[in-house]
Protein chains: 2
Amino acid sequence: MSTSRSFDEWKRSAQEKFDRKTKPLGSLGHLEELAARLAAIQQTLSPTVHRKRLNVYAASHGIVAEGVSAYPAEVTAQMVLNFLNGGAAINVLARHGSIELNIVNVGVDRDLTNVAFPNFSNQPIQRGTRNFLREQAMSLGELQRAMNIGREHTQAAKESGVELLGIGEMGIGNTTSAAALFSALLGVSAEESVGRGTGLDDAGVQRKARVVHQAVTWHRATCRSAEEWMQAVGGFEIAAMCGSILEAHRLRLPIVVDGFVATAAAAVAFAIDPSSKQTCFFAHSSAEKAHALVLKRLNVTPILALEMRLGEGTGAALAMHILDAAARLLCEMATFESAGVSESPQT
Amino acid sequence: MSTSRSFDEWKRSAQEKFDRKTKPLGSLGHLEELAARLAAIQQTLSPTVHRKRLNVYAASHGIVAEGVSAYPAEVTAQMVLNFLNGGAAINVLARHGSIELNIVNVGVDRDLTNVAFPNFSNQPIQRGTRNFLREQAMSLGELQRAMNIGREHTQAAKESGVELLGIGEMGIGNTTSAAALFSALLGVSAEESVGRGTGLDDAGVQRKARVVHQAVTWHRATCRSAEEWMQAVGGFEIAAMCGSILEAHRLRLPIVVDGFVATAAAAVAFAIDPSSKQTCFFAHSSAEKAHALVLKRLNVTPILALEMRLGEGTGAALAMHILDAAARLLCEMATFESAGVSESPQT
């Protein structure tokens, strides 16, 4: 088949294939749309996403100095070690879903030079971003390095035969960065964009909203593009995920965006290259307050809604099983003709 | 540990175990409740649902004579053969989810005596129910036989070491039976309770609503219990699933209820034994119009919402992966103490 077919033509052909399967028309609901999109991304009517990998990017955030998180900043590094020892939620879900798990340190505030694990990449840009209420979170060079790290891990996944990539993150303070990016890019107010993160109380949420409001107001004087906003208020792990999305799109590698913070990376990626949205699947609508709203603003439909709000790629890990199911249904189901099943007289 | 702990005490202990895991309190959302319920059903703080089985019950329906389905009645038998040949949606999803799949003929309108497959049980009660607009769908003896078949397959699952059971169905016409049961038992009007089923047009939906309204109005004169309603307007596969739910509860075997029709079996089971609700998980909110409403009336929360409306146990198969994930998280995650991760000062 010609690869000059458009994305929408591939989707339509995949839907036509689905319509010959032994089931009422449309009765697999969202699974049909998911499979058709996988077909269009991979440019085949028999998409496969058997081999799955999840890259979790970790970094520290200078904004925690403003008291925006319920957990102490050192938890970021502690959780990286927990990932490597296999005890975190994402380890359990990756094992359960047969998903390869890689942890990438793009800027945790601890020296991890001597930490050696086969699935760990130690590529710190700095020991955390700077406090974006007082200065830019990162330099332009740092932004580019973070995005390139995401691109490189995406290329590596593609080269090693990965068919479905997930992205997740760890970084105490990063829901504040994400909220600032949504406020800057999607016209969501600071009050709407902030939530409890890992578990702030009401006073903490108010403080966080003030920080986001002040920072976005201040940086608005100089920021003119989504990249500039990423540099001003983003995080190293958010920038890496953004690079990963852009590269996955270039490589036609389907990518699953995890939760609230990963969605901020997607919002920046879509501003840089709107067509990259074609290649993204949104794992779930999380319990972080603004997530449902920003998914709606981005005009995307999440796969799951389990009130999770943990990050780490946990939503992506569960959604990957659903995506794999969708692809397998398109590939493996019998047709009315092959199974000798009568079609509806109405169709 | 003593098994004299109550269901709620087990749930509370499981939640306390979850609260020591390396994650913000409550951040696994519905997964925490699912795992706590699995713990309470199995009476252990380390629930396991590795071994999964799905029983699909198939039967024909006399009510199809009233023109209530978009598909011809012979599709029920054709789809049974499709299940046995491995080409239906549920075959794909069962393979993908490592779920044992059994097909049980409780009353398909075709002689399947010579059909021999290791995962097929040929136990027809009749070649379909009678037309419940004109007479009772089944006799009391037939109802009891159908419920016993469901009970027996549930006992067999438990005895062979199955840890999580799913129930699904195939039966052209059975959304009409399900709608009649909801209308009779949950105080939902006929208009609210009917939907498009496999794909009725507007005129078909109106006809179906009239059939349900007339049948429920007529049978109300004689029906005094949920069992009597099952006998009057139910189906053999619905009765078998109802027996399965009651037996699963007795055996403390967690059971996943698939979609609209399986939910009708649950509604009858809950009327017979309200405590059986403890043992049921509702796989998904389907696209069949009344499903979300009846789940709300039953005060249960579905796991997925993917706009599926296929039956066969397809929603249950996907939800089983989520339930297994929930149990594994409770069993396998590290604690703050064991992983050396700092807790929130707020907790």
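Overview of the relation of the copies chain B and chain A
Inference 1: Once chain B has been moved 0.0 Å along the axis and rotated by 180°, it coincides with chain A to within an RMSD of 0.0 Å. A rotation of that kind, with that shift, is consistent with a two-fold axis. Minimal C-alpha distance to the rotation axis in chain B is attained by Leu 304 of chain B, lying at 3.3 Å.

Topic: the sheet that holds strand β5 (residues 255-257) of chain B
Residue and element names in this part refer to chain B.
Inference 1: Taken in spatial order, the six strands line up as β3-β2-β1-β4-β5-β6 in an open sheet, and their pairing is parallel. Each edge of the sheet is formed by a strand with only one pairing partner; in this case those strands are β3 (120-122) and β6 (280-282). Averaged over neighbouring strand pairs, the angle between their axes works out to 25° when direction is ignored.

So, the domain arrangement of chain A
Residues and elements named next belong to chain A.
Inference 1: For chain A, the assigned domains read domain 1 (7-48 + 329-339) and domain 2 (52-324).
Inference 2: In this assembly, 10 residues from domain 1 lie in contact with 13 residues from domain 2.
Inference 3: When the buried area of domain 1 at its contact with domain 2 is split by residue, Leu 34, Leu 38 and Ile 41 rank highest and sum to 44% of it.
Inference 4: Our enumeration of links across domain 1 and domain 2 arrives at zero salt bridges.
Inference 5: There are six residue pairs in polar contact (both at pLDDT 80 or more) connecting domain 1 and domain 2.
Inference 6: The leading source of residues in the side of domain 1 that touches domain 2 is helix α2 (residues 30-42), at seven residues.
Inference 7: Classifying every residue of the side of domain 1 that touches domain 2 by side-chain character gives five nonpolar, four polar and one charged.

So, the pattern of salt bridges
Pairing is possible between side chains of opposite charge, provided their charged atoms come close.
Inference 1: By the definition in use, this model includes 28 salt bridges over all chains.
Inference 2: Residue Asp 202 of chain A is joined to Arg 196 of chain A by a salt bridge in which the shortest nitrogen-to-oxygen separation is 2.7 Å.
Inference 3: With a closest N to O distance of 3.8 Å, Glu 135 of chain B and Arg 130 of chain B form a salt bridge.
Inference 4: It is possible to trace a salt-bridge network through shared partners that takes in Arg 51, Arg 53 and Glu 100 of chain A.

Describing the packing of aromatic side chains
Inference 1: In the structure shown here, the tally under the stated rule is six aromatic pairs over all chains.
Inference 2: For the ring pair Phe 270 of chain A and Phe 282 of chain A, a centre distance of 6.1 Å and an interplane angle of 80° mean the geometry is edge-to-face. Of this pair, Phe 270 of chain A sits in helix α11 (residues 260-272) while Phe 282 of chain A is found in strand β6 (residues 280-282), placing the two residues 12 residues apart along the sequence. For the pair Phe 270 of chain A and Phe 282 of chain A, a shared accessibility class is recorded, and that class is buried.
Inference 3: Judged by centre distance (6.4 Å) and plane angle (15°), the rings of Phe 336 of chain A and Tyr 71 of chain B are stacked. On the criterion of chain membership, the pair formed by Phe 336 of chain A in helix α14 (residues 336-339) and Tyr 71 of chain B in the loop between β1 (52-59) and α3 (75-85) is interchain, its members lying in two chains.
Inference 4: Above the face of the Trp 10 of chain A ring, Arg 5 of chain A is positioned so that its terminal group lies 4.2 Å from the ring centre.

Definitions and cut-offs
Residues numbered from 1 in each chain as written. Chains lettered and ligands numbered in written order. Predicted model: local features only at pLDDT ≥ 70, side-chain atom pairs only at ≥ 80, totals over all residues. Heavy atoms only, no water. Least-squares fit on C-alpha atoms with pLDDT ≥ 70 in both. Pairing = 2+ DSSP bridges. Helix = DSSP H or I, 4+ residues; strand = E, 2+ residues; numbered from the N terminus. Axes fitted to C-alpha atoms, helices over the stretch in contact; angles between N-to-C directions. Domains from an automatic or database assignment. Contact = heavy atoms within 4.5 Å. Buried area = accessible area lost by both parts, 1.4 Å probe. Salt bridge = Lys/Arg side-chain N within 4 Å of Asp/Glu carboxyl O. Polar contact = N/O pair within 3.5 Å; in protein donor to acceptor, adjacent residues only side chain to side chain. Nonpolar A, V, L, I, M, F, W, Y, C, P; charged D, E, K, R; others polar. Phe/Tyr/Trp six-rings, centres within 6.5 Å; stacked < 30°, edge-to-face > 60°. Buried < 20%, exposed > 50% of the residue type's maximum accessible area, 1.4 Å probe, protein only. Lys NZ or Arg CZ within 6 Å of the ring centre and 35° of its normal.

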